[in-house]
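Chain by chain, the residues run as shown.
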Amino acid sequence: MKFRYKVLFTNLILLSLGLGLVGYLMIHKNFELAKQTQLKNAIVQNNLVQSSVEYELLQLLNSVSDNSETSNNSTDNTDAPKSSVTASSITAQLPQIGGRVSSSVRSRDSFFYIYFDGEKVYTDDKSDAGISDTLFKNLTTGNKNYVIKEESQKHYIYVTSQSVIDEKNLWIVSKCDASEAYTLLDEQIKYFRLIIIVILIAESAAMYFISRYMTKPLEKLNHVSEEIAQGDYATRVNVKSHDEIGLLAQKFNIMAQAVSEHVDELNDMVHRREQFVADFTHEIKTPMTSIIGYADTMRSLELPREEQMMALGYIFSEGKRLESMSQKLFELIYLRRHDIEKERVHMADLCAEVVKVVEPAYENRHLTIETGVEDAVLTVNRELLVTALVNLMDNARKASSEGGKVEITGKYVDNRACNIPKDKTDIGEAESADDGNCARAYEICIIDHGIGMTKEQAERICDEFYMADKSRARKEGGAGIGMSLVAVILEHHNAVLSVESEPGCGTTMRILLPW
């Protein structure tokens, strides 16, 4: 069941219960008030009949007594008249007295009964319905009993009062029509049913559209989640409300963006791995082809000593290139999976060590190294940072023409490149830090005036097995892994590498190390 229907049915049930309870209480209260009014009228009618019958009896006693005594004319039940008239004569006169009272005081839809000494002596009720014995139980002078009975689809109130005549009980039972209260009850119930049906229909229509409007963002979320599940990670939820659903939509979009970025990263990782395998296979195939070819030639042919040495030289050089490639791959994999230890190092000493390592190769090319290193003490891994700088210096050597020069400088820079992303090495221009979290950084620059690179080549120099000039790199014994290793080493140092290069004008490699 959809959520909107759950909301609709829940509201209908709660509204029905609430209206039903309120309606019941109101109708019940109105009915009780109407019934009490009818009961009061019935008691008044009973008092009127009782007073009239007692008055008639008093008149009878005064007229037939020769030696009447002073009588108390009070109509109180406890002061009923006493006479020498016998009970049988009173019984004989009561029907006539009842007739006179009925014609004088009886109202429409009301009747009364007269009982004397336990027997009914008069009634003006033609139906002459049976009187319940409960009307006479525990009845005392001055008190009244009543009961409500349904007769011929009408409701009547029976009220009983008691007087004492000549030590015998005189009971007056009045019967009044109370159907008006019950008719009012039935009409109120019917009217309330009509009202509640109309209200529920109107409320159902209103709640349907309200719940549809309120759950529309949830339907959008559901639709977008289905699209994302089918692979469309660019889809977003367009919900502008500021309630909990709007907040949920915002969080959902943030989650979708994170998922999209992770998927892009995974796809890029898969692509890079596939490219790595393809490049690695290609890089191995070339030296292996040379090694196998020269080895097969030496095995199948009798070559002069000079050609044998040349073939062995090719086999040796290609073998060394494979060895260098495997060693750098091992270092690259190891660094990506392990943390490094750091220590306090003087940068002037470190740069001097780098120059000392590359100096023999530079002398073979008749290249000059110019240094301008400002000393500083940084927390780095000396061995790895030397490896990175040696790789950069070696690349500068390969790109330079014979007799040229390469510069290596080191200095402090103020408030630059301090917003360095953790675990990330950027290739491009470094950004300045304006928040003051890091006041200074140490900049190492390696500048050559060689062949340079295009912008596209500069952006890819840290890819595994990528070589801007493959023929020159292979001739120099390169494997295309050195810059990838440099990027990982700088990543461990939370450093930024920027490349500035133009074809034919040379290249500047700038490393910014946090201080």
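It should be noted that the structure appears before, not after, this text.
As the structure is a prediction and not an experimental result, all values here were calculated from the model.

(A) Expanded view of the side chain of His-155. Relative to the elements of secondary structure, His-155 occurs in strand 4 (residues 154–165). When its relative accessible area of 17% is taken as the criterion, His-155 is described as buried. Setting aside residues up to four positions removed in sequence, His-155 forms contacts with Lys-149, Glu-150, Cys-176, Asp-177, Ala-178, Ser-179 and Tyr-182.

(B) Just a nonpolar patch on the surface, in detail. There is a patch of nonpolar side chains on the surface, built from Tyr-191, Leu-194, Ile-195, Val-198 and Ile-199 and spanning about 460 Å² of accessible area. Locating Ile-195 in the fold gives a position in helix 3 (residues 179–229). The exposure class of Ile-195 is partly exposed, given its relative accessible area of 30%.

(C) Representation of the pattern of salt bridges within the structure. By the definition in use, this model includes 13 salt bridges. Lys-175 is paired through a salt bridge with Asp-125; the nearest N and O atoms lie 2.7 Å apart. You can see Lys-175 sitting in strand 5 (residues 168–177) and its partner Asp-125 sitting in the loop between strand 2 (119–123) and strand 3 (144–151), a full 50 residues away along the chain. For Lys-175, a relative accessible area of 2% gives the class buried. Connected through salt bridges with shared partners, the residues Asp-125, Lys-149, Glu-151 and Lys-175 form a single ionic network.

(D) Representation of helix 6 (residues 347–364) in the model. Along its 18 residues, helix 6 runs 26 Å from first to last C-alpha, staying within 8% of the 26 Å computed at 1.5 Å per residue. Along its length, helix 6 reaches its greatest deviation from straightness, about 45°, at Val-358, and the proline Pro-360 lies no more than four positions downstream. For helix 6, the full list of buried residues reads Met-347, Leu-350, Cys-351, Val-354, Val-355, Val-358 and Tyr-362.

(E) Spotlight on the sheet that holds strand 5. The strand order across the open sheet built from five strands is 2-1-5-4-3, with neighbouring strands paired in antiparallel fashion. If you trace the sheet from one side to the other, it starts and ends with strand 2 and strand 3, each paired once. The average angle at which neighbouring strand axes cross in this sheet is 25°, direction not considered. Where strand 1 (residues 110–116) meets strand 2, four bridges bridge the pair, whose relative direction is antiparallel. Among the inter-strand pairings, Phe-116 is bridged to a residue of strand 2, identified as Glu-119.

(F) A look at the sheet that holds strand 7 (residues 368–373). With mixed pairing, five strands are arranged side by side in an open sheet as 7-9-10-12-11. Lying at the two open borders of the sheet, with one neighbouring strand each, are strand 7 and strand 11 (496–502). Averaged over neighbouring strand pairs, the angle between their axes works out to 15° when direction is ignored. Sheet topology places strand 10 (residues 440–448) next to strand 12 (residues 506–514); eight bridges connect them, and they run antiparallel. Residue pairing across strands places Ile-446 opposite Met-509, the latter belonging to strand 12.

(G) Quick look at a positive patch on the surface. Among the surface-exposed residues, Lys-2, Arg-212, Lys-216, Lys-220 and Lys-240 lie close enough to one another that they form a single positively charged patch. Tracing the sequence through the fold places Lys-2 in the segment before helix 1 (3–64).

(H) Expanded view of the nonpolar core. Judged by nonpolar contacts, the single largest core of 46 residues is most densely connected at Met-347, Ile-446, Met-509 and Ile-511. Those elements that place two or more of their residues in this core are helix 6, strand 8 (377–380), helix 7 (382–399), strand 9 (405–414), strand 10, helix 10 (482–492), strand 11 and strand 12. Here this core gets nine residues from one element, more than from any other, and that element is helix 7. Every residue in contact with Met-347, bar those within four places of it in the chain, is listed here: Val-373, Asp-375, Ala-376, Leu-378, Leu-385, Tyr-442, Ile-444 and Leu-513.

Criteria and cut-off values
- Residues numbered from 1 in each chain as written.
- Predicted model: local features only at pLDDT ≥ 70, side-chain atom pairs only at ≥ 80, totals over all residues.
- Heavy atoms only, no water.
- Helix = DSSP H or I, 4+ residues; strand = E, 2+ residues; numbered from the N terminus.
- Buried < 20%, exposed > 50% of the residue type's maximum accessible area, 1.4 Å probe, protein only.
- Contact = heavy atoms within 4.5 Å.
- Patch = residues over 30% accessible without salt bridge, like charges linked within 9 Å, V, L, I, M, F, W, Y side chains within 5 Å.
- Areas by Shrake-Rupley, 256 points an atom, 1.4 Å probe, with all protein chains shown as cover.
- Salt bridge = Lys/Arg side-chain N within 4 Å of Asp/Glu carboxyl O.
- Expected span 1.5 Å × (residues − 1).
- Bend = angle between axes of the 7 residues up to and from the residue.
- Pairing = 2+ DSSP bridges.
- Axes fitted to C-alpha atoms, helices over the stretch in contact; angles between N-to-C directions.
- Lys, Arg positive; Asp, Glu negative; His and termini not counted.
- Charge placed at Lys NZ, Arg CZ, Asp CG, Glu CD.
- Core = buried A, V, L, I, M, F, W, Y, C linked by side-chain atoms within 4.5 Å.

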